[in-house]
Amino acid sequence: MSARLSDYDYDLPRELIAQRPLRRREDSRMMVLHRAGQTIEHRQFRELKTFLQPGDLLVLNDTRVLPARRFSDDGMIEFLFLERLDPAHWKCLVRPGRKMRVGATAKIDGITLCVEEITPDGERIVTLDEDIDLYAGGSTPLPPYIERDSDEEDAARYQTVFARAAGAVAAPTAGLHFTPEILREIPHTFVTLHVGPGTFLPVRSENITEHRMHTERFSIPPEAADKINKAQRVVAVGTTVVRVLETAALETRPLKAVRFNKPQIQPRSGKTDLFIYPPFGFRVVDALLTNFHLPRSTLLMLVSAFAGREFLLRAYDEAIRERYRFYSYGDCMLIL
């Protein structure tokens, strides 16, 4: 298995990057990868149930995307507010960074923000001269490859129908295809991972093992842990769920085997910086529903570890030939 960044690359025609969601969530196409036979099918997402077996459990991420994007009153600085640390004290990303060095100020809604600190990851710690909720007037933070401003449609559609726990700055996009009607027909449970800005950060080292992930907060409720431990096959909906479950498995000391010779997942809350790339031994996840991911991204590496890099890139080539829609608002892939 390759640790070279260049081996996780592919060429995507720009017009295949979905700029808008489909009119109906369930209308997405679904490429089905069968790992055992190295075969590919072209299906529709609404057919998902036909690929499930008795005893299967879907695990979804119920994080809710924050309206975290704001602009300074003069329109010169873009902010992505990541976390309210305490009253009048926030962590954020800014663009352009050169205008917001330590001591620099800007105004939002007439309130002055001052950069107090710049973290090693480039995040700004800012103080406000008056405590306000900066999310109250914010907008949906769309990924950079969606080349337009967010609008009212995005406020609803860049959010899963089951979003509950506010805290993410990016959507768990594999979950965007689900409707309440589809979910009612499939055994499922929820965990939470608050997707952070690190999901968009490029891998800069040619040796991918040198890359370090940002930490993200997660939680596994007792009900979810119980259902996961009893499932015959765990179907992760999205790479965020994979990282939650495999982090929990790695943190289980000692490994407590239950049925099907899997580690027992314990209810917990914590942080994860788990970077999954080939080769990786998956302990919990048996099948994966995921969207198509950017070249050279940590998400593509995770899916390569699950499906096999060569098989996955062959599937991506076929998806391009078949004109699948890519990325957040695009089509999906079921890996069995």
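Predicted model, so just to flag it, every value in this text is computed and none were measured. (Residues numbered from 1 in each chain as written. Predicted model: local features only at pLDDT ≥ 70, side-chain atom pairs only at ≥ 80, totals over all residues. Heavy atoms only, no water.)

Trainee: Quick rundown of the packing of helix α5 (residues 298-307) against helix α6 (residues 309-321)? Include the residues and the values.
Mentor: A packed helix pair is summarised by two numbers, namely the angle formed by the two axes and the spacing between the axes. Contact pair α5 / α6: the axes reach a minimum separation of 7 Å and the direction vectors enclose 115 degrees. Of the residues in α6, those in contact with Leu300, Val303, Ser304 and Ala307 of α5 are Arg309, Phe311, Leu312, Leu313 and Tyr316. Its residues placed into classes, the contact of α5 with α6 shows seven nonpolar, one polar and one charged. (Axes fitted to C-alpha atoms, helices over the stretch in contact; angles between N-to-C directions. Helix = DSSP H or I, 4+ residues; strand = E, 2+ residues; numbered from the N terminus. Contact = heavy atoms within 4.5 Å. Nonpolar A, V, L, I, M, F, W, Y, C, P; charged D, E, K, R; others polar.)

Trainee: Just give me the short version of the side chain of Arg70, but keep the residues and values in it.
Mentor: When you line up the elements, Arg70 lands in strand β5 (residues 69-71). Given a relative accessible area of 8%, Arg70 falls into the buried group. Side-chain polar atoms of Arg70 contact the backbone oxygen of Leu134, separated by 2.9 Å. A distance of 3.4 Å separates a polar side-chain atom of Arg70 from the backbone oxygen of Gly137. Ignoring anything within four residues of it in the chain, the contact list for Arg70 reads Ile77, Glu78, Phe79, Phe81, Ile108, Asp109, Leu134, Gly137 and Gly138. (Buried < 20%, exposed > 50% of the residue type's maximum accessible area, 1.4 Å probe, protein only. Polar contact = N/O pair within 3.5 Å; in protein donor to acceptor, adjacent residues only side chain to side chain.)

Trainee: Mind laying out helix α4 (residues 239-250), listing which residues take part and the relevant values?
Mentor: For α4, with twelve residues, the first-to-last C-alpha span of 16 Å sits near the 16 Å given by 1.5 Å per residue. For α4, the set of buried residues is Thr239, Thr240, Val241, Val242, Arg243, Val244, Leu245, Glu246, Thr247, Ala248 and Ala249. (Expected span 1.5 Å × (residues − 1).)

Trainee: Which residues make up the pairing of strand β6 (residues 78-86), and what values go with them?
Mentor: Here β5 pairs with β6 via three bridges, running antiparallel. Bridge pairing links Arg70 to Phe79 in β6. Taken together, β5 and the strand that follows it, β6, pair antiparallel across an intervening segment of six residues, in which Gly75 is found at a positive phi of about 75 degrees. Inspection of the sheet shows β6 paired to strand β7 (residues 89-95) by seven bridges, in the antiparallel sense. Looking at β7, one finds that Arg84 is bridged to Trp90. Hairpin connection between β6 and β7: a loop of two residues separates the two successive antiparallel strands, and Ala88 in this loop has a positive phi of roughly 65 degrees. (Pairing = 2+ DSSP bridges.)

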